[in-house]
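In case you want the letters, here they are:
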Amino acid sequence: MIRAHTVEQVRAAEETLLAELPEGALMQRAAHGLAHAVLDLLGGGYGGRVLLLVGSGDNGGDALYAGAVLARRGAYVEAWLLAEKVHPGGADALKRAGGTLRRLDTPSPSGSGYSTSGSARWSSRERAQRATGSRPRSFDVVVDGIVGIGGRPPLRADAAAALEQVAGIPMVAVDTPSGVDVDSGELAGPHVSADVTVTFGTHKVAHLVDPAALHSGVVHLVDIGLDLPAPALEALQPDDVAALLPSPDPHAHKYTRGVVGVRAGSSTYPGAALLSVAGADCGLAGMVRYVGDPAVQELVRAAHPEVVGDGRVQAWVVGSGADDGAKDSLRTALTDDLPLVVDADALAFADLVTGLPAVLTPHAGELAGMLGVDRADVEARPLHHVREAAELYRTTVLLKGRHSLVAEPGRPVRVTTTGTPWLATAGAGDVLGGVIGALLATGLTPYDAASVGSWLHGAAATYASQGGPIVAGDVARALPVVVASLTR
Ligand SMILES: NC(=O)C1=CN([C@@H]2O[C@H](COP(=O)(O)OP(=O)(O)OC[C@H]3O[C@@H](n4cnc5c(N)ncnc54)[C@H](OP(=O)(O)O)[C@@H]3O)[C@@H](O)[C@H]2O)[C@@H](O)CC1
Ligand SMILES: [K+]
């Protein structure tokens, strides 16, 4: 499991550990982990050219100490100091190791300016250019030590101007990409877009939740020995999914394995029925039933001969392509008092499942409609809105996106990190609803069914895609292969 903690949780754990360790030990652990990640990227220190962007806090301290390690390994290391005071021990260490330090700070309010070259009349960009006097393009890598968990967005103008100077150079962020909101994953103005982020002790929310996660690059976790409580967020890994997946016992029969019922599609949208059934029919449940328009039922039978009609089930999938029939389908399904997946057209009636065991599966536009906010706001603040929805409906909500989020009151939000951009294709959501329904029918809780189903769906898309385009049916066909790879 990948776990992410809040800044407050990290600070508390850090305090406990700091009291037990010699001064500076934690920062040394962090800096060495950071230096080794940069060395990996450079393919060794000798001859490499490294630029450090250094803010006023310990994030800058990490960068400076790591810079000293790199300089001792033969790299040319230059630090642009973005504040009047930077970590003194780190600055000394870099100087002693032969690094170059340049001031790049904002003039003091009196106008005298601390910087040797700063002037209140220059723009931030001009100040950055004049103070550095160096050719940024000649660096192989930039280390972003502007701010970490102590940052409060938006990034200050000088830091933003320095970032402009180094655009296009590979970027390693220290702990978090500077400028993102660490606990929400939201953006507010200019920010670092990292190729690699080296973080310490635990992941932070911004590494997993979009839009910030998109700017974190590959996240490398350095263990510094923090003892942490239950996380704010978690991301299932293959072993976690394998442990949660149902597997038939030797005496199983189709009914003991669970039966999933699908009430989706309509004469207008028969494809939604076929794809929902294709997801439900991935083999995880013992049997699939389809209930709907007779003509659609014939199509389903032709494509999936093993699927049968109405009868007892252990879970329902409702809503996709249901058109005008969504409300009735949902009402009918609810009379069985079973867990259910509520998707697409049925989401308009989500209040009917308030407090019940269910998985609501909106995309950003649908969630916006449910909460009465703009779609753009959901996209900018997905974690906030998925938590709101889970509290409002007192049930499990899966917000679909690049990194889908599963929220349930009182539980860590689960993030799906599998998938490929090719998965943004018509009908993929119908397949997802089906597979979650199958998992519900096998007895998984809505929280586990939603997060495991979402993980499998993303992994199946990646497997089917092989880097190229896919359609929703490809994802459904790849599901058994992915399950087999986990259960072998
Ligand atoms: N916790 C741990 O376990 C460990 C933590 N470690 C490291 O410590 C880091 C946290 O260090 P930290 O607390 O010193 O805060 P940090 O992120 O450097 O930023 C604060 C400074 O930034 C400034 N600033 C604020 N907002 C700004 C903005 N928008 N734009 C520009 N500047 C802004 C603010 O300045 P001020 O407002 O005071 O003028 C303040 O001085 C953490 O991320 C990790 O790297 C590891 O070494 C070991 C284990
Ligand atoms: K940073």
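Residue numbers here run from 1 along each chain, matching the order of that chain's written sequence. Chains and ligands are labelled sequentially in the order written, the chains with letters from A and the ligands with numbers from 1. Per-residue local features are limited, in this predicted model, to residues with pLDDT of at least 70; the limit for side-chain atom pairs, both in listing and counting, is 80 or more; totals at the level of whole chains, interfaces and linings are taken over all residues.

In the nomenclature of an unreviewed UniProt entry, the protein chain corresponds to Bifunctional NAD(P)H-hydrate repair enzyme from the organism Nocardioides bizhenqiangii.

UniProt positions are given in the numbering used here, feature names are shortened, and annotations may be inferred rather than shown by experiment. UniProt marks Asn-59, Asp-144 and Ser-178 with the feature "binding site: K(+)" (unreviewed entry), using the numbering shown here. Look at the named residues: they lie 120 residues apart in sequence, but the longest C-alpha span between them is just 9.7 Å, so in the fold they bunch up. By definition, any uninterrupted DSSP run of H or I lasting at least four residues is a helix, any uninterrupted run of E lasting at least two residues is a strand, and each is numbered from the N terminus. Mapped onto the elements of the fold, Asn-59 is located in helix α3 (residues 58-72). Not counting chain neighbours up to four residues away, the residues in contact with Asn-59 comprise Gly-145, Ile-146, Val-147, Gly-148, Gly-150, Val-174 and Asp-175. By secondary structure assignment, the location of Asp-144 is in strand β5 (residues 141-145). Looking at Asp-144, the number of C-beta atoms within 10 Å reads 32, which means it is buried. Remark: residues whose backbone-derived C-beta atoms lie within 7 Å of one another are considered to be in contact. Apart from the residues within four sequence positions on either side, Asp-144 is in contact with Leu-53, Met-171, Val-172, Ala-173, Val-174, Pro-177, Ser-178, Val-192 and Ala-194. Think of it as a crowd count around each C-beta: if 20 or more other C-beta atoms lie within 10 Å the residue is buried, if 12 or fewer it is exposed, and in between it is partly exposed, with C-beta placed from the backbone throughout.

Another aspect to go through is the sheet that holds β5. Spatially, β4-β3-β2-β5-β6-β7-β9 is the arrangement adopted by the 7 strands of the open sheet, whose pairing is parallel. On the outer flanks of this sheet lie β4 (100-103) and β9 (218-222), each paired with one strand and no other. Strand-to-strand twist in this sheet, taken as the mean axis angle between neighbours without regard to direction, amounts to 20 degrees. At least two bridges found by DSSP between two strands are what make those strands a pair. One ladder, built from 5 bridges, connects strand β2 (residues 49-54) with β5; its direction is parallel. Directly across from Leu-52, in β5, lies its bridge partner Val-143. With respect to the sheet, helix α2 (residues 25-42) is in contact with β2, β5, β6 (171-174), β7 (196-200) and β9, its orientation differing from that of β7 by roughly 160 degrees. Throughout, an axis means a line fitted to C-alpha atoms (over the contacting stretch in the case of helices), and angles, computed between N-to-C directions, take values from 0 to 180 degrees.

In this section: unusual backbone geometry. Put simply, Pro-153 and Pro-154 share a cis peptide bond, and its omega is 0 degrees. Relative to the elements of secondary structure, Pro-154 occurs in the loop between β5 and α6 (157-165). Here the amide bond leading from Asp-210 into Pro-211 is cis, since omega sits at 5 degrees, within 30 degrees of zero. Within the secondary structure layout, Pro-211 lies in the loop between α7 (205-208) and β9. The backbone phi angle of Asp-337 is positive, close to 60 degrees, even though this residue is not glycine. Here Asp-337 shows up in the loop between α11 (326-334) and β14 (340-342). Residue class for Asp-337 comes out exposed when judged on the 9 C-beta atoms lying within 10 Å of it. With phi around 45 degrees, Ala-344 is a residue other than glycine that occupies positive phi space. Position of Ala-344 relative to the elements: it lies in the loop between β14 and β15 (358-360).

What follows deals with the site of ligand 1. To decide nearness, the C-beta atom of each residue is placed from the backbone, and the residue is near a molecule or strand if that atom lies within 6 Å of it. In the neighbourhood of ligand 1, 29 residues make up the surrounding shell, with Gly-57, Asp-58, Asn-59, Gly-148 and Gly-150 lying closest. Elements that contribute at least two residues to the shell around ligand 1 include exactly α1 (7-20), α2 and α3. The element contributing the most residues to the shell around ligand 1 is α3, with 4 residues. Under this grouping Gly is polar, as are all residues other than the nonpolar Ala, Val, Leu, Ile, Met, Phe, Trp, Tyr, Cys and Pro and the charged Asp, Glu, Lys and Arg. Across the shell around ligand 1, the residue classes break down as 14 nonpolar, 9 polar and 6 charged.

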